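The residues making up each chain are set out below.
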Amino acid sequence: MCGITAISATKEALPFLLQGLEKLEYRGYDSAGITTIENHRLFTKKAKGRLQNLKDLLKNESVTGHVGIGHTRWATHGVPSNLNSHPHTNNADTISLVHNGIIENYRELKDILILQGYHFQSETDSEVVVHLMDYYYNKTHNLQAALQKVISRIEGSYALCIVSTIDPDKVYIAKKDSPLVIGKTDNASVAASDIPAILDYTKDVYFLNDYEIAILDKGSVAFFDKDGHSISKELTTIPYDNEAAKKGGYDTFMLKEIHEQPHAIAETLRGRVEGTDRIVLPELNNMKDQFKTFNKAYFVACGTAYHACLSGANILERLTKIPTFTQAASEFRYCDPIIDEKTLCIFVSQSGETADTMAALRLAKEKGCTTIAIANVLGSSISREADHTIYTCAGPEIAVASTKAYTTQLIVLLLLAMYIAQALGYENEHYKRIIEGIASLPERINNILKDEKLFENYAQYLKDLKDAYYIGRGLDYASVLEGALKLKEVSYVHADAYIAGELKHGPIALIEPGSLVIAVATQPNIAAKTISNIQETIARGANVILFTIDGQEVGNVKETYILPKVDPILQSVLVAIPLQLIAYYAAGIKGCDVDKPRNLAKSVTVE
Ligand code: M6R
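Residues numbered from 1 in each chain as written. Predicted model: local features only at pLDDT ≥ 70, side-chain atom pairs only at ≥ 80, totals over all residues. Heavy atoms only, no water.

S.K.: How would you sum up the pairing of strand β10 (residues 188–192)? Please name residues and give values.
M.R.: Of all 5 residues in β10, 5 are buried; the element is thus mostly enclosed. Burial along β10 is two-sided: the residues A188, V190 and A192 and S189 and A191 are all buried. Sheet analysis places strand β1 (residues 3–9) next to β10, joined by 5 bridges and oriented antiparallel. When the bridges of β10 are listed, A6 appears paired with A191. In this structure, strand β9 (residues 181–184) lies alongside β10, joined through 4 bridges in antiparallel fashion. The residue bridging G183 from the neighbouring strand is V190, located in β10. As consecutive antiparallel partners, β9 and β10 are separated by 3 residues. (Buried < 20%, exposed > 50% of the residue type's maximum accessible area, 1.4 Å probe, protein only. Helix = DSSP H or I, 4+ residues; strand = E, 2+ residues; numbered from the N terminus. Pairing = 2+ DSSP bridges.)

S.K.: Would you mind going over the state of the cysteines in detail, with residue names and values included?
M.R.: Overall, the coordinates contain 0 disulfides when judged by the stated rule. Unpaired in this structure, C2 has its nearest cysteine sulfur neighbour in C161, at a distance of 12 Å. Classification of C2 as buried rests on a relative accessible area of 9%. (Disulfide = S-S within 2.5 Å.)

S.K.: I'd like to hear about helix α16 (residues 524–538), residue by residue, with values.
M.R.: Taking 1.5 Å as the rise per residue, α16 with 15 residues should run 21 Å; its terminal C-alpha atoms sit 21 Å apart, in good agreement. If you check which residues of α16 are buried, you get A527, T530, I531, N533, I534, T537 and I538. When α16 is viewed along its axis, its buried side chains cluster within an angular range of 165° and face the same direction. Counted as exposed and oriented over 90 degrees from the buried face of α16: N525, A528 and K529. (Expected span 1.5 Å × (residues − 1). Arc of directions from axis to C-beta.)

S.K.: Can you break down the environment of T403 residue by residue, with the values?
M.R.: On the secondary structure map, T403 appears in the loop between β22 (388–391) and α12 (404–423). Classification of T403 by relative accessible area gives buried; the value is 0%. Residues T403 and N39, spaced 364 residues apart in sequence, show a C-alpha to C-alpha distance of 47 Å. Once residues within four sequence positions are removed from consideration, T403 is found in contact with M254, E257, I258, Q261, E397, K486 and Q580. (Contact = heavy atoms within 4.5 Å.)

S.K.: Describe the domain arrangement of the protein chain, listing the residues and the values that go with them.
M.R.: One frequent convention defines the size of an interface as the accessible area lost when the parts assemble. In terms of domains, the protein chain is made up of domain 1 (3–243), domain 2 (246–447) and domain 3 (451–593). Centre-to-centre, using C-alpha coordinates, domain 2 lies 25 Å away from domain 3. Between domain 2 and domain 3, the residue contacts involve 35 residues of the former and 28 residues of the latter. Linking domain 2 with domain 3 are 0 salt bridges, by the criterion used here. At 10 residues, the largest contribution of residues to the side of domain 2 that touches domain 3 is made by helix α13 (residues 429–449). Its residues assigned to classes, the side of domain 2 that touches domain 3 comprises 16 nonpolar, 15 polar and 4 charged. (Domains from an automatic or database assignment. Salt bridge = Lys/Arg side-chain N within 4 Å of Asp/Glu carboxyl O. Nonpolar A, V, L, I, M, F, W, Y, C, P; charged D, E, K, R; others polar.)

S.K.: Kindly report on empty space enclosed by the protein, identifying the contributing residues and their values.
M.R.: Using the criterion set out here, one finds 4 cavities of 30 Å³ or more in the structure. Roughly 60 Å³ of volume is contained in the largest cavity. As for the largest cavity, its lining consists of C2, R73, W74, A75, T76, H77, H86, H99, G101, T124, D125 and S126. Classifying every residue of the lining of the largest cavity gives 3 nonpolar, 7 polar and 2 charged. (1 Å grid on protein atoms, 1.4 Å probe; cavity = no way out; pocket = protein on both sides within 12 Å on 5 of 7 lines; lining within 4 Å. Points joined across faces, edges and corners; volume = space filled by probe spheres on them.)

S.K.: Run through the site of the ligand, naming residues and quoting values.
M.R.: As a matter of local geometry, the ligand sits amid 14 residues, with S349, Q350, S351, T354 and E489 nearest to it. S349 is positioned such that a nitrogen or oxygen atom in its side chain is 2.6 Å from an oxygen atom of the ligand. A distance of 2.6 Å separates an oxygen atom of the ligand from a polar atom in the side chain of S351. Against a free-state accessible area of 410 Å², the protein chains account for coverage of 90% of the ligand. The set of elements that each furnish at least two residues to the shell around the ligand consists of α8 (303–320) and α15 (475–491). Split into classes, the residues belonging to the shell around the ligand amount to 5 nonpolar, 7 polar and 2 charged. (Near = heavy atom within 4 Å. Polar contact = N/O pair within 3.5 Å; in protein donor to acceptor, adjacent residues only side chain to side chain. Areas by Shrake-Rupley, 256 points an atom, 1.4 Å probe, with all protein chains shown as cover.)

S.K.: Outline the sheet that holds strand β23 (residues 467–472), supporting the account with residue identities and numerical values.
M.R.: A sheet is described by the order of its strands in space; here 5 strands give the open sequence β24-β23-β25-β26-β27, paired in parallel fashion. The two strands at the open ends of the sheet, each matched to only one other strand, are β24 (494–499) and β27 (559–562). On average, each strand axis in the sheet is tilted by 15° relative to the strand beside it, whichever way the strands run. Relative to strand β25 (residues 516–521), β23 runs parallel, the two being bridged by 3 bridges. Within β25, the residue paired with Y469 across the bridge is V517. Contacting β26 (543–548) and β27, helix α14 (residues 452–459) runs over the sheet at an angle of about 150° to β27. Against the sheet, α16 contacts β23, β25 and β26, and its axis sits at roughly 170° relative to β25. (Axes fitted to C-alpha atoms, helices over the stretch in contact; angles between N-to-C directions.)

Written out as structure tokens, the structure is:
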């Protein structure tokens, strides 16, 4: 997704703009650009491809302006190209703008502006905004008033940062449904799409709400509502620094984040398990009496977070007897879900900015549901809009492929299910066993990580393969869906996950000598059934790697890994680790860029 940086300072703007864009590279992009204001003129440079291309362009330039905006573009409207990259400027070259999001009514606006004599250079939806700014500036002779008019006309999502030679010291900012954070030091005011881009400058930040306007002016920031009334905003201090966002000695962020899981899980559990029999979630204190009013629960998310939901929903239903449904956020809005004030809706998102998940959350609120967000990013949009938020405490996740965010989501979903069970009076011996098991998870994962070499060797089975098959049942099915997604996204090996019992209803036709089947059988009540399905694939020549529990071993499989003995409900957390490492090492064998897989973005802020 696009990344934005902006600064108004008493010193040169370019170093901030470029370092910020570098920190936002994880969002995925295909071109980059900057504008600074130099001697009352706009200085704009853009380059298709990596940020380094832009840096090379700027190498021999003297860029001294103190005010500027920067952008990394992830193409939505128009191919990746120099012309389509941001910033976009008006025809008089006096206003320059960067945009993240999608302007949904851009065609209609473009037609109107063309009739007014505006010339368009790009195929983007974003360019309409700069011409509209120009149009309204010519009417109002005031940039803030023009921006207010612009946001009353555009539909869709946007984070906008605008500079102009008309008011050369300032950056004008507005946002709706796209993330933007603003920071301030004594001599600089800065803005960016995400916190890591500004952390080297300041930890004191403001979060802009939808339809609000901010004006940066060399160390000060003024905030206004959409009608231009001045508003005050609270400063938040970010509790971590950029060290947390660096690779910490590992070759890649993905490997670092895989290894951080024992710590991330311990942090996520901190203060939430009391003694051996109580879950404490102060975030939900005022909901306790409400749980008995729900007649169903919906779990909604995208990608990896959706897989976490599949496990979470299964566990909630088992522990609380509340019927649960899981839906991909991109489908939720369009499937006319039967939800009302008796429905509990749980939205899970690492970034807290995923457009589909946000849209689903808004629909649930419209229908009167009670909403709980599970998010990793502090102050993210989802946490501001949901009725209640429980944070995973995974720390910044930089690699595009989600690892520690996934396992900490599983932990929070488990805590939530147990908390509700507790509120409904369902605690029993099983409940206590789960609590004991949860506390042991960081240590157990540490032990699994000691077997890393083994998983690296398992990845060798994928060396010459283009496909892999993952199978499991029940909770293990959610685990294999996530394992297969991990393999696809980082190694580009086509991987499909099947309910093991469904194999014989079709997919088994694909199995031939040399096919690789990765099987997960950790649930004692159904492991034997999965094992029969494994035998069916072996009979057709498949090589099988099996993750299972003591007592469920199978002859004739190529590799068996016995997972530590914990309550079956907790196995999804443990088996995630080897599946992540297999994907990671398979990507290494195939020479893929694991941290920034092709075509993917860390934060998907368009539908
Ligand atoms: O930030 P979110 O958790 O809402 O993101 C959802 C998905 O886009 C994300 O999990 C995606 O599937 C990852 N690339 C998976 O590794």
